Amino acid sequence: MSLPSPARLRHSENGHAVMGETGTKGANPAVVTAFALTALVWGSTWLVIKGQIGPVPASWSITWRFAGAAVGMFALGLLRGDIRIGALVPERRVLVQAGLIGLSLFCCNFQFVYRAESHLTSGLVAVVFALLILPNAVFGRLFLGTRVTGGFILGSLIAGAGIVLLMIHEYRAAPAGSDVPLGAAMSVAALLCASVGNLLQAAPVARRIPAAHLLAWAFLIGAIADAAVAFALSGAPVFDPSPAYVGSVAYLAFIGSVLTFPLYNLLLREMGPGPAAYSGVLVPVVAMLLSTLFEGYRWSGLNVAGALLSLAGLVVALKARSPSR
């Protein structure tokens, strides 16, 4: 796809790109479209992941997704000129960074996510993941020196209270055989792994090559790690040739991964990290609405209050962050 020219950037004292004042003004149709598509697609992927839980072991489903995503991202990078045949393999430091991203974000994170969804509804796991900004802020403070405001801490506490209410409702409504505490623990583990992956992407070494090139290698290395986990836990490769399963793998690989990561990169360049993160507030809303339609998720006063508190806390936390960060 053709991307518009990025907004003007200035640079902070630590070398990180910072959005200039002109970067968040105006209503660029490409940015609005990217914002909406990112929220809608990532909101829907949770339900598609839930639908994959079945005859194919989770680890093999994850492997097929990121193997397909790697092929798609390499193809996209070559098409856009971000990847050149003569420089297909990046320098060693960048390749190691891509490997670490692949292991944390596309292996460990999704290994926990798929297993969490065997105990929790897809919408609830998505709500937990909307709190990704919280460990991101803590790790950013520790390793990148990003400032954390009092308002951000307040929003985090509000959102955390909402998650507690949702977990209480889920525990009460869980069918026989569901292990809600285990699902919650796996969701938190996945959240931390994803946050580590995000931190690695923000490191200066990860900026040495275009995002498509970095992501292509991260997808590939993540898929290889996923295959190793699948062999260890489930044995020989398993694949379901049914149209529904093939369609779900294709959707998660090409729409949920190859399409959305470049779109989110566009949001980061055009809007800045703070405003772009608002799409993460919309993702659980989409996921829970889809869970209501297709999984029979039932709303009560408790989970309505929990969802509202979670989203309100996220908005408070995001608004409190310094726009320059």
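This text goes with the structure placed above it.
Residues numbered from 1 in each chain as written. Predicted model: local features only at pLDDT ≥ 70, side-chain atom pairs only at ≥ 80, totals over all residues. Heavy atoms only, no water.

(A) Up close: the overall build of the protein chain. From N to C terminus, the protein chain includes twelve helices and two strands. Each helix and strand of the protein chain, placed in order from N terminus to C terminus, yields the pattern β-β-α-α-α-α-α-α-α-α-α-α-α-α. Buried positions account for 48% of the 325 residues belonging to the protein chain. Long-range pairs, those at least 24 residues apart, make up 87% of the contacts in the protein chain between residues at least 6 apart in sequence. For the protein chain, the computed accessible surface area is about 14,600 Å², with 70% contributed by carbon and sulfur atoms. (Helix = DSSP H or I, 4+ residues; strand = E, 2+ residues; numbered from the N terminus. Buried < 20%, exposed > 50% of the residue type's maximum accessible area, 1.4 Å probe, protein only. Contact = heavy atoms within 4.5 Å. Areas by Shrake-Rupley, 256 points an atom, 1.4 Å probe, with all protein chains shown as cover.)

(B) Spotlight on the packing of helix H3 (residues 92-116) against helix H7 (residues 180-202). The interhelical angle for the contact between H3 and H7, taken along N-to-C directions, is 160 degrees, at an axis separation of 8 Å. With respect to H7, the element H3 is oriented roughly antiparallel. The chirality of how H3 crosses H7 is left-handed. Between H3, through Gln97, Leu100, Ile101, Ser104, Leu105, Cys108, Asn109, Phe112, Val113, Arg115 and Ala116, and H7, the contact on the second element is made entirely by Gly183, Met186, Ser187, Ala189, Ala190, Cys193, Ala194, Val196, Gly197, Asn198, Leu200 and Gln201. Looking at the contact of H3 with H7 residue by residue, the classes come out as 14 nonpolar, eight polar and one charged. (Axes fitted to C-alpha atoms, helices over the stretch in contact; angles between N-to-C directions. Parallel < 35°, antiparallel > 145°, perpendicular 65-115°, else oblique. Left-handed = near helix turned anticlockwise from the far one by under 90°. Nonpolar A, V, L, I, M, F, W, Y, C, P; charged D, E, K, R; others polar.)

(C) Representation of the pattern of salt bridges within the structure. The tally for this structure, following the rule as stated, stands at three salt bridges. Between Asp82 and Arg80 there is a salt bridge, with its nearest N and O atoms 3.5 Å apart. Asp82 sits in the partly exposed class, given a relative accessible area of 23%. For Arg93, the salt bridge is made with Glu91, and the minimal N-O distance between the two is 4.0 Å. Each member of the salt-bridge network shares a partner with another, and the members are Glu91, Arg93 and Arg208. (Salt bridge = Lys/Arg side-chain N within 4 Å of Asp/Glu carboxyl O.)

(D) The arrangement of the packing of helix H1 (residues 29-52) against H3 in detail. At a minimum axis distance of 9 Å, the contact between H1 and H3 shows a crossing angle of 70 degrees. In terms of orientation, H1 lies roughly perpendicular with respect to H3. Across from Trp46, Ile49 and Gln52 in H1, the residues of H3 making contact are Phe110, Val113 and Tyr114.

(E) The arrangement of the packing of aromatic side chains in detail. Tallied over the entire structure, the rule returns nine aromatic pairs. A ring pair is formed by Trp64 and Phe239, whose centres lie 5.8 Å apart and whose planes are at 80 degrees; its orientation type is edge-to-face. Here Phe239 lies in the loop between helix H8 (211-234) and helix H9 (243-271) and Trp64 lies in helix H2 (residues 58-80), a separation of 175 residues in the sequence. Among the residues examined, Trp64 registers a relative accessible area of 23% and is labelled partly exposed. Judged by centre distance (5.6 Å) and plane angle (85 degrees), the ring pair of Phe74 and Trp217 falls under edge-to-face. One end of the pair, Phe74, is in helix H2; the other, Trp217, is in helix H8, with 143 residues separating them in the sequence. (Phe/Tyr/Trp six-rings, centres within 6.5 Å; stacked < 30°, edge-to-face > 60°.)

(F) Examining the environment of Leu220 more closely. Residue placement: Leu220 occurs in helix H8. Residue classification places Leu220 among the partly exposed positions, given a relative accessible area of 30%. When residues no more than four places from it in sequence are discounted, the contact partners of Leu220 are Ala70 and Phe74.

(G) The arrangement of H8 in detail. Over its 24 residues, H8 runs 33 Å from end to end, which matches the ideal 34 Å to within 8%, given 1.5 Å per residue. In the stretch just after H8, Gly235 is the one whose phi turns positive, near 85 degrees. (Expected span 1.5 Å × (residues − 1).)

(H) Summary view of the state of the cysteines. According to the stated counting rule, one finds zero disulfides in the structure shown. Cys107 takes part in no disulfide bond, and the closest cysteine sulfur to it belongs to Cys108, at a distance of 4.8 Å. (Disulfide = S-S within 2.5 Å.)

(I) Structural view of the side chain of His213. Residue placement: His213 occurs in helix H8. Owing to a relative accessible area of 5%, His213 belongs among the buried residues under this scheme. Within the structure, the side chain of His213 is placed 2.7 Å from the backbone oxygen of Leu88, a separation counted as a polar contact. Not counting the four nearest positions on each side in its chain, His213 is found in contact with Asp82, Ile83, Ala87, Leu88 and Pro90. (Polar contact = N/O pair within 3.5 Å; in protein donor to acceptor, adjacent residues only side chain to side chain.)

No statement about biological role is implied by the geometric values presented.
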